[in-house]
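Next come the chains, spelled out residue by residue.
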Amino acid sequence: MSLKPFHALLAVLVAAIWGFSFVVIKVGVAGTPPLLLTGLRFLFAALPAVFFVPRPKAGWRYVVSFGFFLGVVMFGLLFVSIKLGLSASLASLVMQLQVFFTIAFAAILMGEKSRPVQMAGAIIAFTGIGVIAASRWSGPDIMPLGLAVLAALAWGVANIIAKKSGEANLLSFIVWASLVAPLPLFALSYFLEGAESISAALAHPSLLAIASVLFLAWPATVFGFGIWNYLLGCYPANMVTPFALLVPVFGIASGVIVLHEPFGISSIAGSLLVFAGLTLNVFGGRRHSYPSGAADGIAVRDS
């Protein structure tokens, strides 16, 4: 059994949207406070979709905790890290560490055993992050990288919450969980980014800021996860999830081409190691039940 050509094209399209979303985040935070932008992203991801998507069957404690860790913690940290200087290219790659954090949390909290090939993949990937970090030990550079790693860790926690919820309709789960994030993010934005910054951003929004919010809310979240969930319902997970490996490929390519981001030797070497670790995990651990996700994206079927 293999994916129909049209379905394969849909999977590639979703990976491209999720990869390009890192460029959109970079553009968005240039003119909008990052926590405010994150809150607006989830507000419009939830509205008006909640009026058309049925409520998830999972208990509300799962919906609320998932929305908090994914929307407030993970994406809040990611948007701040990009605002502080992390390139869209590296952000799209670093966030894929959520795969290994998810595996580790599943082993600790759910008793799932990691296969040797998955452990090897994790070691290779984290070595790659070390190579990238080696040239970024100064304060201004290490801070955004560290926040992105913490964001990937929070993503791993969100993945475990979604897995334990048992929710089959991931799109419904994500849309309703998106209602959790806006108010805490707006409150954090008020206290950390200031009322003046919020007023200025909302009173005179640029076309790029509006486009960023709408892209992140609808194509990247509602459309992306709707299609991804549909494909996972049609095919075994191990046939669909390898397409998630294209997310950092599109993320790095769009960052370099659209934003002209520098990508030095250490970044290239580290990226190859991270990608090799991810590839080993996906193709060497086929019996593993959950996939890697896309970075702007919330991926939980596992991702």
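Residues numbered from 1 in each chain as written. Predicted model: local features only at pLDDT ≥ 70, side-chain atom pairs only at ≥ 80, totals over all residues. Heavy atoms only, no water.

As for the overall build of the protein chain
Our working definition: A run of H or I in DSSP becomes a helix once it reaches four residues, and a run of E becomes a strand once it reaches two; helices and strands are each numbered from the N terminus. Based on C-alpha atoms, the radius of gyration is set beside the globule rule, defined as 2.2 Å times the residue count to the power 0.38. By definition, residues are in contact when any of their heavy atoms lie within 4.5 Å. Accessible areas in this description were obtained via Shrake-Rupley with a 1.4 Å probe; residue shielding takes into account the shown protein chains only.
Scanning the protein chain from N- to C-terminus turns up 14 helices and zero strands. For 303 residues, the compact-globule formula gives about 19 Å, and the C-alpha radius of gyration of the protein chain, at 18 Å, lands near that figure. Across the protein chain, every contact between residues at least 6 apart in sequence was considered, and the portion connecting residues at least 24 apart equals 89%. For the protein chain, the accessible area works out to roughly 12,600 Å², and carbon and sulfur atoms hold 74% of it.

What about the confidence of the model for the protein chain?
This is how it is decided: The predictor attaches a confidence to each residue, and that confidence, scored 0 to 100, is pLDDT.
Residues of the protein chain with pLDDT of at least 70 account for 91%, and the chain-wide mean is 87. Here helix H12 (residues 237-240) stands out as the least confident element of the protein chain, with mean pLDDT 72; helix H9 (residues 182-192) is the most confident, with 98. With pLDDT under 50 throughout, residues 287-295 is counted as low confidence; its partners more than four residues away or in other chains account for 44 contacts. A low-confidence stretch, residues 297-303 stays under pLDDT 50, and its non-local contacts, those more than four residues away or across chains, total 41 contacts.

So, the environment of Ile132
Basically, it comes down to this: Only protein chains enter the calculation, and the probe is 1.4 Å; a residue is then buried if its accessible area is under 20% of its type maximum, exposed if over 50%, and partly exposed in between.
Within the fold, Ile132 resides in helix H6 (residues 116-134). By relative accessible area, Ile132 is classed as buried at 0%. C-alpha separation for the pair Ile132 and Ser206, spaced 74 residues apart in sequence, amounts to 34 Å. With residues near it in sequence (within four places) discarded, Ile132 still touches Leu90, Leu93, Ser266, Ser267, Gly270 and Ser271.

Description of the side chain of Ser212
Its location among the elements puts Ser212 in helix H11 (residues 207-234). Aside from chain neighbours lying at most four places away, what touches Ser212 is Val24, Val27 and Gly28.

Let's talk about the nonpolar core
Nonpolar side chains in soluble globular proteins tend to be buried together. Selection criterion: What makes a nonpolar core is a set of buried Ala, Val, Leu, Ile, Met, Phe, Trp, Tyr and Cys residues whose side-chain atoms join them at distances within 4.5 Å.
If you look at the biggest cluster of nonpolar residues, it comprises 92 residues, and the most contacted ones within it are Phe66 and Leu78. Here the element with the most residues in this core is helix H1 (residues 5-31); it accounts for 12 residues.

A closer look at unusual backbone geometry
Here Leu47 and Pro48 are connected by a cis peptide whose omega angle stands at 5°. As for its position among the elements, Pro48 is in the loop between helix H2 (34-46) and helix H3 (60-83). For His260, which is not glycine, the phi dihedral falls at a positive 55°. You can call His260 exposed: its relative accessible area is 65%.

As for the environment of Gly31
Mapped onto the secondary structure, Gly31 falls in helix H1. Distance in space between the C-alpha atoms of Gly31 and Ala201 is 7.4 Å, their sequence separation being 170 residues.

So, the environment of Leu13
Relative to the assigned elements, Leu13 resides in helix H1. Its relative accessible area of 38% is what places Leu13 among the partly exposed residues. Linking Leu13 and Val247, residues 234 residues apart in sequence, is a C-alpha distance of 10.0 Å.

Re the packing of helix H8 (residues 170-177) against H11
What counts here: Helix axes are fitted to C-alpha atoms over the stretch in contact, other axes to C-alpha atoms as well, and angles between N-to-C directions run from 0 to 180 degrees. For classification purposes, angles smaller than 35 degrees are called roughly parallel, those larger than 145 roughly antiparallel, those between 65 and 115 roughly perpendicular, and all remaining angles oblique. Here a crossing is taken to be left-handed if its near helix is turned anticlockwise relative to the far helix by less than a right angle, and right-handed if that turn runs clockwise.
Contact pair H8 / H11: the axes reach a minimum separation of 8 Å and the direction vectors enclose 155°. In terms of orientation, H8 lies roughly antiparallel with respect to H11. Both H8 and H11 take part in a crossing whose hand is right-handed. In this structure, H8 contributes Leu170, Leu171 and Ile174 to the contact, and H11 contributes Thr221, Val222, Phe225, Gly226 and Asn229.

Brief notes about the side chain of Ser81
Here Ser81 lies in helix H3. Of the residues examined, Ser81 reaches a relative accessible area of 0% and is grouped as buried. Ignoring sequence-local partners within four residues, the contact set of Ser81 consists of Leu86, Pro144, Leu147 and Ala148.

Remarks on the packing of aromatic side chains
Quick note on the threshold: Think of it this way: a Phe, Tyr or Trp ring, Trp meaning its six-membered ring, pairs with another when their centres are within 6.5 Å, and the plane angle makes it stacked under 30 degrees, edge-to-face over 60, tilted otherwise. We count a charge as sitting over a ring when the NZ of a lysine or the CZ of an arginine lies within 6 Å of the ring centre and within 35 degrees of the ring normal.
In the structure shown here, the tally under the stated rule is 12 aromatic pairs. Arranged with centres 6.5 Å apart and planes meeting at 20°, the rings of Phe101 and Phe105 form a pair that is stacked. Placement of the pair is Phe101 and Phe105 together in helix H5 (residues 98-110), with a separation of four residues, close to one helical turn. Under the relative-accessibility criterion, Phe101 is labelled buried at 13%. You can call Phe105 buried: its relative accessible area is 18%. Note that Arg41 overlies the ring of Phe42, its terminal NZ or CZ placed 4.7 Å from the centroid. Sitting over the face of the ring of Phe75, Arg41 holds its NZ or CZ atom 4.4 Å from the ring centroid.

A word on H3
An α-helix turns once per 3.6 residues; consequently, residues spaced three or four apart project the same way. Threshold: How far a helix is expected to stretch is found by multiplying one less than its residue total by 1.5 Å.
Between its terminal C-alpha atoms H3 stretches 32 Å, which fits the 34 Å expected from 24 residues at 1.5 Å a residue. Positive backbone phi, at 130°, marks Gly85, one or two positions downstream of H3.

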